[in-house]
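Architecture at a glance
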Amino acid sequence: MRINLPRPNLFSQVFREVTSAELDSNVHGIATDSREFKAGDLYIALKGKRTDGHTFLKELEIDGCTVALVSEKNNDLTSLKQVIVEDPLTTIGNIANKWRKQFQVSTLGITGTNGKTSTKDLVHHIFHPTQTVHATEKNFNTSIGLPLTILLQTEKHTISILEMGANQPGDISYLCRIAEPTHGLITNIAPAHLEGFGTVEEIAKEKGELFQSLEGGIAFVNQADDRIKNLSIAGDKISYGLSPDCDFPADIYQEKDGTLTLLINTEEVKTQSCNFSFAKNVLAAAAVAITMDVEWKTFQNRVLSFVQPEGRCQVKQFDDITVIDDTYNANLESTIASIDYLNAFSKNGRRFLVFGDMFELGTHSEIIHEKVGEKCSDAHLDGVFTIGTYTVHTDLRLENVEIHKHFKTKDELITQLKNTIRKGDKILFKGSRGMAMETVIQGVFG
């Protein structure tokens, strides 16, 4: 990871206050990856499970690095200034927190099992015309990425929107201590990252740390999610959902062309999308935006102009074949939602799922992949092609699915798809990020 620092002078001051060390000259960027380092950067030497950033210090010195944040001094270095701290990761977090305190702006923390990136992008888009928005970029939502994101904030920004990811207990509370959010949104809670948490109850506890951090702030509560609505909240509460007992109650109905429209507090919001998950993101964004003084007309227009990012339920046409590219990531809830999305299309033509492994499910992996097979059977899909280690359990649970096969290689899968699909078919591609299922789309249609 790497960023360009917007305020090198201020960073030098904050760095000195936190570390008691003086930078000999202003640094213009921060890098945690030696491959992304640029001359004039501060390099942060982090110890990971696979690599130790300290091993690259000599190489970086040769490349022009003049200062590094380290936990172990390398005595063989002559020109590289080494600022020694107990833990570089914690130190950059403390620096980011002090930087955060320089700017008294509303800060929205967003976490959840599914939809946090899409909701963050949507909220960003909605606020963009009326405010100067600071927001998480790329995948900078971790204990490494979030501090770097915060260091990009300046006095020009009027709102900050921060995505918060969690792979293990303690992640969210740590990120909240750094970011000090004034507002918080949990999109949903479902089985994911079970290798790090063990149970969905532990996931709920972890995500709930965001609401616990909001003393004096506002929590946006998804009343449709039982695990979220039962979380304790330190500050005020704004609720939204598909029932009348909410601050932002909504009905969702389908237009003649299959697209979804929401009626939120008597306000009609057209989505121009058939994707129910996107409609739920719009509802969450409405609770946030309207509470934070966005006009309904502005909100409605910005939803219509929003373009969903690559790999997130993007509908693509290849001649007369419809492809739903939902390859960005996958867990049980998002996969089931994607299958429902596939089923929302016209029944003309066959409906296929091309499905890759879902990762980080631990001992629950087999049963969760089986649930996807059961969903495919209940949805009466015409075909399911699976690839990977765990999706074999999906294939074994397929009933009432006329065409299905499990593959060990992408080349075999691509060949089968080319020989099987025909005009009018609708094909959903889904899998965890590590499966890179977009390469299958490219192999078939590229």
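Remember, it's a predicted structure, so these values are computed and weren't measured experimentally.

All right, on to the packing of aromatic side chains then. Going through the model one piece at a time under the given rule, you end up with 8 aromatic pairs. Ring pairs connect the aromatic residues F352, F385 and F407, which therefore count as one cluster. A cation sits over an aromatic face here: R312 above Y328, 3.6 Å from the ring centre.

Our focus in this paragraph is the side chain of T327. Tracing the backbone through its elements, the reader meets T327 in the loop between strand 16 (321–326) and helix 13 (332–343). Apart from residues no more than four positions distant in its own chain, T327 is found in contact with G311, F429, G431, R433, M437, E438 and I441.

As a further point, take the packing of helix 11 (residues 276–291) against helix 12 (residues 296–305). Two numbers describe how helix 11 lies on helix 12: the axes approach to 11 Å, and their chain directions differ by 145°. Classified by chirality, the crossing of helix 12 by helix 11 is right-handed. The segment helix 11 lies against helix 12, with V282, A285, A286, A289 and I290 engaging W296, F299 and V303. Across the contact of helix 11 with helix 12, the residue classes tally to 8 nonpolar, no polar and no charged.

Let's shift gears to helix 17 (residues 438–445). By the burial criterion, the buried members of helix 17 are V440, I441, V444 and F445. Around the axis of helix 17, the buried residues are gathered within 110° of arc, so they sit on the same side. Buried-residue contacts for helix 17 involve strand 15 (314–318), strand 16, helix 16 (410–420) and strand 20 (426–430).

Turning our attention to the sheet that holds strand 2 (residues 29–31). Read from one edge to the other, the open sheet built from 5 strands follows the order 1-2-3-4-5, with strand pairing classed as mixed. Lying at the two open borders of the sheet, with one neighbouring strand each, are strand 1 (2–4) and strand 5 (81–84). Direction aside, neighbouring strands of the sheet carry axes that sit 20° apart on average. In this sheet, strand 2 lies alongside strand 1 in antiparallel orientation, the contact comprising 3 bridges.

The next thing to look at is the nonpolar core. Ranked by size, the top nonpolar core spans 72 residues in total, and within it F11, F15, I30, L151 and L353 carry the most contacts. The greatest single-element share of this core, amounting to 6 residues, is contributed by helix 6 (residues 171–179). For I30, the contacting residues outside a window of four places in its chain are M1, R2, I3, L5, F11, D41, L42, I44, I92, L148 and L151. Membership of the second largest hydrophobic core comes to 38 residues, among which are F127, I218, L260 and V282.

Right, let's talk about the environment of M292 for a bit. Position of M292 relative to the elements: it lies in the loop between helix 11 and helix 12. Sequence separation between M292 and S106 is 186 residues, and the spatial gap between their C-alpha atoms is 9.2 Å.

Glancing now at the sheet that holds strand 17 (residues 351–356). Within the open sheet, the 6 strands sit side by side as 15-16-20-17-18-19. Their pairing is mixed. Two strands lie at the open edges of the sheet, namely strand 15 and strand 19 (403–407), each paired on one side alone. In this sheet, adjacent strand axes meet at a mean angle of 15° when their direction is disregarded.

Attention shifts here to the pattern of salt bridges. Scanning all chains against the criterion turns up 19 salt bridges. E72 is the salt-bridge partner of K47, the closest N and O atoms lying 2.3 Å from each other. Note that K47 is positioned in the loop between strand 3 (41–44) and helix 2 (57–62) and E72 in the loop between strand 4 (67–70) and strand 5, a separation of 25 residues in sequence. Classification of K47 by relative accessible area gives partly exposed; the value is 47%. Of the charged contacts, one joins D226 and K229 as a salt bridge, the two residues approaching to 3.4 Å between their closest N and O atoms. Of the two residues, D226 and K229 both sit in helix 10 (residues 226–229), 3 residues apart, roughly one turn of that helix. Among the residues examined, D226 registers a relative accessible area of 49% and is labelled partly exposed. Ionic contacts of the salt-bridge type, sharing partners, join the residues E255, E268 and K270 into one network.

Parameters at a glance
Residues numbered from 1 in each chain as written. Predicted model: local features only at pLDDT ≥ 70, side-chain atom pairs only at ≥ 80, totals over all residues. Heavy atoms only, no water. Phe/Tyr/Trp six-rings, centres within 6.5 Å; stacked < 30°, edge-to-face > 60°. Lys NZ or Arg CZ within 6 Å of the ring centre and 35° of its normal. Helix = DSSP H or I, 4+ residues; strand = E, 2+ residues; numbered from the N terminus. Contact = heavy atoms within 4.5 Å. Axes fitted to C-alpha atoms, helices over the stretch in contact; angles between N-to-C directions. Left-handed = near helix turned anticlockwise from the far one by under 90°. Nonpolar A, V, L, I, M, F, W, Y, C, P; charged D, E, K, R; others polar. Buried < 20%, exposed > 50% of the residue type's maximum accessible area, 1.4 Å probe, protein only. Arc of directions from axis to C-beta. Pairing = 2+ DSSP bridges. Core = buried A, V, L, I, M, F, W, Y, C linked by side-chain atoms within 4.5 Å. Salt bridge = Lys/Arg side-chain N within 4 Å of Asp/Glu carboxyl O.

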